[in-house]
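Architecture at a glance
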Amino acid sequence: MTPLIEARNLSVTFAIRREGQMPWAAPKQLQAVKDVSFTLNAGETLGIVGESGSGKSTLARALIRMLPATGKVLFAGTDLLTLPPAQMLARRADIQMVFQDPFASLDPRMTVGQIVAEPLRTHYPHLSAAEVKARVQVMMDRVGLLPNQINRYPHEFSGGQCQRIGIARALIVEPKVLICDEPVSALDVSIQAQVINLLADLRRDFGLAMIFIAHDLSVVKHISDRVMVMYLGKVMEDAPKADLFAAPQHPYTQALLSAVPIPNPAAERAKKMIALEGELPSPMAPPSGCVFRTRCARAQPLCAQQVPALLGGSRAVACHFPGPDTAAQG
Ligand code: ADP
Ligand code: MG
């Protein structure tokens, strides 16, 4: 079966100019995404986690060519990165995105109806005004908004409701893939579960594949089939959810997992937190070899010399010394 999306060696580099730098001086390079490969099958949800700055949003944007990237993004076998603009626009209807900041991602001068209708007008310009309105109202109802709120403005809605507007806008063109970039990070905890449950329902009803980005493993646990862990632009581990949560192989995954609360109080008390040593290194000057080594309790001289390859197929880990965390098990 051809995967719906297959990213191969995707990399994104930003040129950084410091303030006051002479225009002829070469800018510094910041590689925000390095050699990322993964597959997403139809109907599957891939969770992507990693602390802030690990390249998750850059990766999401590169997939839909909101940022220039190198490598390949195969969508049903066709490389999006080399498609002529007109064909890319047609494909954009199939891959829609929901953004982190519900207020910033909605134009404050547009009504909800105009916001939700925008992708329809772009991709289906022949639709009549009445048809557009009817479809918008059906979609508003579907995401839990009242169809009679169609003429309201974003500032009249709560954060959770704004995220529902963003979801309606993304789904109105019936995409095959929905990329959600930290869709609940800006919301109160009490609202987060409502929005995640809504996305889970919509995914089932629309037969969607999803990429669900979060900085926290607990947020992706419920909704993901697979989870990919990123650190400083690189994939550390990529595995079916059950395997990743039951037996994480990478020390970074183990540290992230140790921060997820366990509902059973006795197990929660017995659990050891794995603290990450030191600070996230500057992405402008990443460590040699394994980028995680400066914060890794397992690091050996080899880790500074050689970049570990992501090995293991569907249960992959990029570590010279992968395996269960024996220290944490005491
Ligand atoms: P995440 O979403 O995981 O928090 P990002 O993809 O936003 O990470 O950022 C990854 C790295 O790329 C960070 O070091 C960030 O500062 C840098 N970065 C992101 N966008 C830009 C940009 N437009 N110009 C320069 N650097 C950027
Ligand atoms: Mg981000």
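In the block above lies the structure referred to throughout.
Residues numbered from 1 in each chain as written. Chains lettered and ligands numbered in written order. Predicted model: local features only at pLDDT ≥ 70, side-chain atom pairs only at ≥ 80, totals over all residues. Heavy atoms only, no water.

**Looking at the nonpolar core**
Counted only if it meets this: Buried Ala, Val, Leu, Ile, Met, Phe, Trp, Tyr and Cys residues that are joined via side-chain atoms within 4.5 Å together make up what is termed a nonpolar core. Whether a residue is buried, partly exposed or exposed follows from its accessible area with a 1.4 Å probe, protein chains only, as a fraction of its type maximum: under 20%, in between, or over 50%, in that order. Note that the domain bounds were set by an automatic or database domain assignment. Here a residue-residue contact requires only that any non-hydrogen atoms of the pair lie within 4.5 Å.
Grouped together as the largest cluster of nonpolar side chains are 62 residues, with contacts concentrated most on Ile 167, Leu 178, Leu 199, Phe 212 and Leu 217. No fewer than three residues from each of domain 1 (1-15 + 29-94 + 176-190 + 207-323) and domain 2 (102-174) sit in this core. Setting aside its immediate chain neighbours within four residues, Leu 199 contacts Ile 167, Leu 178, Cys 180, Pro 183, Met 210, Phe 212 and Ile 223. Core analysis: the next-biggest nonpolar cluster, separate from the first, contains 34 residues, Ile 5, Val 33, Leu 80 and Leu 81 among them.

**Quick look at the site of ligand 1**
Here is the rule we go by: In these notes, residues near a molecule or strand are those with any non-hydrogen atom within 4 Å of it. Residues adjacent in sequence count toward polar contacts only when both atoms are side-chain atoms; beyond that, a polar contact is any pair of N or O atoms within 3.5 Å, and within protein one must be able to donate a hydrogen and the other to accept it. Accessible surface area values rest on a Shrake-Rupley calculation with a 1.4 Å probe, where residue burial reflects the displayed protein chains alone. Secondary structure is summarised from DSSP: a helix means a run of H or I of at least four residues, a strand means a run of E of at least two, and numbering begins at the N terminus for each. Gly is placed with the polar residues, together with every amino acid not listed as nonpolar (Ala, Val, Leu, Ile, Met, Phe, Trp, Tyr, Cys and Pro) or charged (Asp, Glu, Lys and Arg).
Close contacts around ligand 1 come from 13 residues, with Gly 53, Gly 55, Lys 56, Ser 57 and Thr 58 the closest. Contacts to ligand 1 include Ser 54, whose backbone N or O atom sits 3.1 Å from an oxygen atom. Coverage of ligand 1 by the protein chains reaches 65% of its 560 Å² of free accessible surface. Among the secondary structure elements, those contributing two or more residues to the shell around ligand 1 are strand 1 (5-16), strand 2 (28-40) and helix 1 (56-63). A class-by-class count of the residues in the shell around ligand 1 yields five nonpolar, six polar and two charged.

**A word on the layout of surface pockets**
What counts is decided by this rule: For cavity detection a 1 Å grid was placed over the protein atoms alone, and a set of points counts as a cavity when a 1.4 Å probe fits there but cannot get out; an open set counts as a pocket when protein lies on both sides within 12 Å along at least five of seven lines, with lining residues being those that have an atom within 4 Å of a point. Grid points are joined across faces, edges and corners, and a volume is the space filled by probe spheres set on the points.
In this model, the largest pocket occupies a volume close to 510 Å³. Of all elements in the fold, only helix 7 (217-221), helix 8 (241-246) and helix 9 (251-258) reach the threshold of two or more residues within the lining of the largest pocket. At three residues, the largest contribution of residues to the lining of the largest pocket is made by helix 9. For the lining of the largest pocket, a count of residues per class yields 13 nonpolar, four polar and four charged. Roughly 280 Å³ of volume is contained in the second largest pocket. Only helix 2 (85-92), strand 6 (95-98), helix 3 (112-123) and helix 5 (159-171) provide two or more residues apiece to the lining of the second largest pocket. The element contributing the most residues to the lining of the second largest pocket is helix 3, with four residues. Its residues placed into classes, the lining of the second largest pocket shows six nonpolar, four polar and three charged. Mapped onto the domain boundaries, the lining of the second largest pocket takes at least three residues apiece from domain 1 (1-15 + 29-94 + 176-190 + 207-323) and domain 2 (102-174).

**Side note on the packing of helix 3 against helix 5**
So the rule is basically this: Orientation is described by axes fitted as lines to C-alpha atoms, over the contacting stretch for helices, and by angles from 0 to 180 degrees between their N-to-C directions. For classification purposes, angles smaller than 35 degrees are called roughly parallel, those larger than 145 roughly antiparallel, those between 65 and 115 roughly perpendicular, and all remaining angles oblique. When the near helix sits turned anticlockwise from the far one by under a right angle, the crossing is termed left-handed; a clockwise turn instead gives a right-handed crossing.
As a packed pair, helix 3 and helix 5 sit with axes 7 Å apart at the nearest point and diverge in direction by 30 degrees. Classified by the angle their axes make, helix 3 and helix 5 are roughly parallel. At the point where helix 3 passes helix 5, the crossing takes the right-handed sense. Across the interface between the two elements, Val 112, Ile 115, Val 116 and Pro 119 of helix 3 pack against Ile 165, Ala 168 and Arg 169 of helix 5. A breakdown of the residues in the contact of helix 3 with helix 5 according to their chemical character gives six nonpolar, no polar and one charged.

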